[in-house]
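Examination of the molecular architecture
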Amino acid sequence: MTQHPKKFVPANDVSLEEKLREAARFVRCHSIASIFHAGSGHPGGALSSADLLACLYGAELNLWPGTVTDPARDRFVLSKGHAAPALYAAGAYFGFCDPKASLALRKLNSPFQGHPHVLDLPWVETSTGSLGQGMSVALGMALGMKLQEIPARVYTLLGDGELQEGEVWEAAMAAAHHKLDNFCALIDYNKLQSDNANAAIMGLEPLADKWRAFGWNVAEIDGHDMSQILGALRKAGTTRERPSLIIAHTIKGKGVPYMENIPAWHGSVKLTEAQTREALTALGASEQEIEGFLHV
Amino acid sequence: MSNPALVANSDSLREAFGKALSALGDEFPKLVVLDADIAGGTGVHHFRKSHPKRMLQFGIAEQNMMAAAGGLAATGLIPVVTTFAVFCLRAIEQARLSLCYARRNAKIVASHPGLDVGPDGGSAQALEDLAAFRAIPGMTVISPADPTEMAMATRAMLEYQGPVYMRTGRSPAPRLFGDDHKFEIGRGQIIRDGDDVTIVACGVEVARALAAAEMLARDGISARVVNMATIKPIDAALLSICSLETGAIVTAEDHNIHGGLGGAVAEALGQTRPCPMEFVGVRDTFGASGEPDELAHHFSISAPFLADAARRVIARKKS
């Protein structure tokens, strides 16, 4: 692979954090717009994970639109595949796909399916949408790179409800057993799942202790604070002999007041034009931007 | 079926697979083998001995192992997932999404299929795997008949680009084929010719089909035997010829009569050249403990039952 420098600059670089906040704002707006056009989709978890995706694609992954087939690229797997709108939005912002075309979410003959599919979009790395599997596939990638002595890293983003899948814990054991220090999992811990709060459906706590007991290097951060996200990713990259887990405390529906912390916006929901305008306005989109998102 | 002379000095299909994999290890440097704590049972202890660095332990956690194979394949390796056939069923959704939907060059090799498992009993005898894996788009499904063919199929599976599900077997398997045997994915073979009926079999039932043909010959009935080692894609052209030339088909498999080889053959002939058919397999029930030959008799898939089915289907042809 052409050796690209890490996109990383010191976490106190205010200008980088500002750029990432702008990327995250675009991810949120684009996600809302594509879900509006689709007539269905999962906004809550897309909004909660936008800052994590912005930091990964904007500052961490050794991956550029020109290197998506390079064997030595870093890889990101969206294990919580229902946050696909946010992944497509991040891809659009960072040049992996067209910003307009990717608004055609969940449509026949569009590569932007309801959940990511690698044959439609190679840069999404694998097909997800069945919770737990992305974690295992990412683990397999990390193991494959270790075996072939490829010095690249693998990242995956899980939902909190996803942790109720037994496969996640099978993978957690395996990653620690194989000492995959090139592997980093992030949890979008917004505390809500499809039907209700995690705590009401199937409690996850003490979450950090569970992962530590499984042999992982664990960090707990505010998942909407760019400085903390970048710091945790950097620390994960210097950890040896152990996989790293970043528990990112987030707010479901972050940035759209009428969605925040309400499980009903997990999805899959239909957004009216009025709701869409209200959401985009709350996210700081200009009138011109809003018209651009609404009329394709 | 069990002719002690044939079985003597012959490997089980799982042993034959493990030895073949080990022998092919140097030729396929990207090959890695995934194990869930039963290497001795699946035969891949041979590979572990010859290529320890490419033997990946996943513990007793088949779902993670199956999906991780998709990730390994994504990095250019050729992962071979090995476990018992029943545990492949446990991870079938991982095979569906992370191997087939993503079109990975990953292989699943399932030992301990069918009644051939024997004493471990009904819980361990997968009688549904051919049907289930055959229903996944893009999956190739193979069930070789003897140790020679197993070795050839192992090579063919590695040379093929794409997901494959292959059955081995637990019990000693008689050697049916010589080194001049040819195995090709998607091609069946007439291994004994005849005019009155065709018995289409896979796996351990091929030896029983040959024994049934012998029994029928003593009654003056000429039975053709087809070794249909690839269940998907099925060799529809050969089936059509057999239907035309013999006018009656019996299918034989160590599997439920629903959805496996019999289903595949019926689907193919229904669209080309239908003829009377009989289905020999386990009749939509679970297995039980016992020795494989006892079980084959108890569940009516041994050679005499194959011969009876042939007589029935020939009678239907004449009516």
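Numbers given to residues run from 1 along each chain, matching the order in which its sequence is written. Whichever chain is written first becomes A and whichever ligand is written first becomes 1, with later ones labelled in order. The predicted origin of the model limits local features to residues at a pLDDT of at least 70 and limits the giving and counting of side-chain atom pairs to 80 or more, whereas totals for whole chains, interfaces and linings rest on all residues.

**So, the overall build of chain A**
Secondary structure elements follow DSSP: runs of H or I no shorter than four residues count as helices, runs of E no shorter than two count as strands, and numbering proceeds from the N terminus. Each helix and strand in chain A was counted, giving ten helices and five strands. A compact globule built from 296 residues should have a C-alpha radius of gyration of about 19 Å, and chain A, at 18 Å, falls within 12% of that. Its C-alpha atoms give chain A principal-axis dimensions of roughly 50 × 45 × 40 Å. Backbone-placed C-beta atoms define the burial measure: a residue is buried with 20 or more other C-beta atoms within 10 Å of its own, exposed with 12 or fewer, and partly exposed in between. Burial statistics for chain A: of 296 residues in total, 55% are counted as buried. Of all intrachain contacts in chain A linking residues separated by at least 6 positions in sequence, the fraction that spans at least 24 positions is 77%. Every radius of gyration here is taken over C-alpha atoms, with the globule rule written as 2.2 Å times N^0.38, N being the number of residues. Here, residue contact means that the backbone-derived C-beta atoms of the two residues sit within 7 Å.

**Looking at unusual backbone geometry**
Note the cis peptide between A:Glu205 and A:Pro206, where omega equals 0°. Along the chain, A:Pro206 turns up in the loop between α6 (198-201) and α7 (207-213). Here the bond from B:Lys232 into B:Pro233 is cis, since omega is -5°, no more than 30 degrees from zero. With respect to the helices, strands and loops of the structure, B:Pro233 is situated in the loop between β10 (230-232) and α11 (236-246). Here the phi dihedral of B:Asp37 falls at roughly 70°; this positive angle occurs in a residue that is not glycine. Topologically, B:Asp37 is positioned in the loop between β1 (31-35) and α3 (39-42). Judged by C-beta crowding, with 12 C-beta atoms within 10 Å, B:Asp37 ranks as exposed. Here the phi dihedral of B:Arg103 falls at roughly 50°; this positive angle occurs in a residue that is not glycine. Considering the arrangement of structural elements, one finds B:Arg103 in the loop between α7 (92-101) and β4 (107-111).

**Quick notes on helix α9 (residues 273-282) of chain A**
Listed as buried for α9(A) are A:Thr276, A:Ala279 and A:Leu280. The arc enclosing the buried residues of α9(A), seen along the axis, measures out at 95°, which places them on a common side. Throughout, the arc means that of the directions going from the helix axis to the C-beta atoms.

**With respect to the sheet that holds strand β5 (residues 244-249) of chain A**
Across a sheet, paired strands are connected by hydrogen bonds in the backbone, their directions being either parallel or antiparallel. Residues and elements named next belong to chain A. A strand pair is defined by DSSP finding two or more bridges across the two strands. Strand order in the open sheet formed by five strands is β1-β2-β3-β5-β4, with parallel pairing between adjacent strands. With partners counted over all chains shown, the strands left at the sheet margins are β1 (75-78) and β4 (217-222), one partner each. Averaged over all adjacent pairs, the angle separating strand axes in this sheet is 20°, with direction ignored. As paired elements, strand β3 (residues 183-189) and β5 share six bridges and run parallel to each other. Counterpart to Tyr-189 in the pairing with β5 is His-249. Fitted lines through C-alpha atoms give the axes, limited to the stretch in contact for helices. The angle between two N-to-C directions lies from 0 to 180 degrees. Against the sheet, helix α2 (residues 43-60) engages β1, β2 (154-159), β3 and β5, with an angle of about 150° to β3.

**Focus on the confidence of the model for chain A**
Here chain A averages 94 in pLDDT, and 95% of its residues register 70 or above. Known as pLDDT, the predictor's confidence for each residue is given on a scale from 0 to 100. Per-residue pLDDT stays below 50 along residues 1-6 of chain A; that stretch engages in seven contacts with residues further than four places along the chain or on separate chains.

**Regarding the sheet that holds strand β8 (residues 197-201) of chain B**
Residues and elements named next belong to chain B. The strand order across the open sheet built from five strands is β7-β9-β8-β11-β12, with neighbouring strands paired in mixed fashion. The open sheet has two free edges, formed respectively by β7 (189-192) and β12 (277-282), since each of these has just one partner strand. Along the sheet, successive strands turn relative to each other by an average axial angle of 25°, direction set aside. The sheet contact formed by β8 and strand β11 (residues 249-256) spans four bridges and is parallel.

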